[in-house]
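The residues making up each chain are set out below.
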Amino acid sequence: MQQPDPHHPIPGNLAPHIPADVYQRAQATGQPVVIVVNGTDPTGFPWRRVLIPFAIAGAVVAGGWGLAAALCWLMDVAAHTATAIAGAVAGPLGVGGITLKLFQPKK
């Protein structure tokens, strides 16, 4: 039997140690070697199966609200820009509560 290379890990799960005399006896007689591994299956409710879809749905909802807020901000900026441009043509220019008179009326 060839020994595994210690520098390269063996893929998959390794079986527990089998004593050499048991292995050689099984090889000589053809008897199967039964390896019993105690399972560690988790008991209880699988929370990961439930939480991942809720996390994805929450991210979609948050993204939707962010998109709606960004569109509202963009429309607000566009409205203020249009008002500023129209106001500059017609009279005083107001930005953030500060009004500038661009043209003085003639007396």
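All values reported here derive from a predicted model rather than from experimental measurement.

Some details on the overall build of the chain
Right, so step 1: A tally of helices and strands in the chain yields two helices and two strands.
Right, so step 2: In the chain, the succession of α and β elements from N to C terminus is α-α-β-β.
Right, so step 3: When the accessible surface of the chain is summed, it comes to about 10200 Å², and 67% of that surface belongs to carbon and sulfur atoms.

Here we look at the confidence of the model for the chain
Right, so step 1: Averaged over all residues, the pLDDT of the chain is 77; the fraction at 70 or higher stands at 64%.
Right, so step 2: Within the chain, helix α2 (residues 47–90) carries the highest mean pLDDT (90), whereas strand β1 (residues 93–95) carries the lowest (60).

What to know about a nonpolar patch on the surface
Right, so step 1: On the surface, Leu67, Leu71, Trp73, Leu74 and Val77 cluster together into a nonpolar patch covering about 510 Å² of accessible area.
Right, so step 2: Note on Leu71: relative accessible area 48%, which makes it partly exposed.

Notes on the packing of aromatic side chains
Right, so step 1: Under the defined criterion, the tally for this structure stands at one aromatic pair.
Right, so step 2: Ring geometry for Phe45 against Trp47: centres 5.1 Å apart, planes inclined by 70°, an arrangement best described as edge-to-face.
Right, so step 3: For Trp47, a relative accessible area of 54% translates into the label exposed.

Conventions we followed
Each chain has its residues counted from 1, running along the sequence as written. In view of the model being predicted, local features appear only for residues whose pLDDT reaches at least 70, and side-chain atom pairs are presented and counted only at 80 or more, with totals across whole chains, interfaces and linings using the full set of residues. With hydrogens and water set aside, each side-chain value is computed from the structure's full complement of heavy atoms. A run of H or I in DSSP counts as a helix once it spans at least four residues, and a run of E counts as a strand once it spans at least two, with each numbered from the N terminus. Per-residue and other accessible areas were derived by the Shrake-Rupley procedure at a 1.4 Å probe size, with only the shown protein chains allowed to occlude residues. For every residue, the pLDDT score states the predictor's confidence, bounded by 0 at the bottom and 100 at the top. Within this analysis, patches are made of residues with over 30% relative accessible area and no salt bridge. Like charges are joined at 9 Å or less; nonpolar side chains (Val, Leu, Ile, Met, Phe, Trp, Tyr) at 5 Å or less. We count a salt bridge whenever a side-chain nitrogen from Lys or Arg sits within 4 Å of a carboxyl oxygen from Asp or Glu. Relative accessible area decides the class of each residue, using a 1.4 Å probe on protein chains only: under 20% of the type maximum gives buried, over 50% gives exposed, and in between gives partly exposed. Any two of the Phe, Tyr and Trp rings considered here, Trp counted by its six-membered ring, make a pair once their centres fall within 6.5 Å; the pair's planes then place it as stacked at under 30 degrees, edge-to-face at over 60, or tilted in between.

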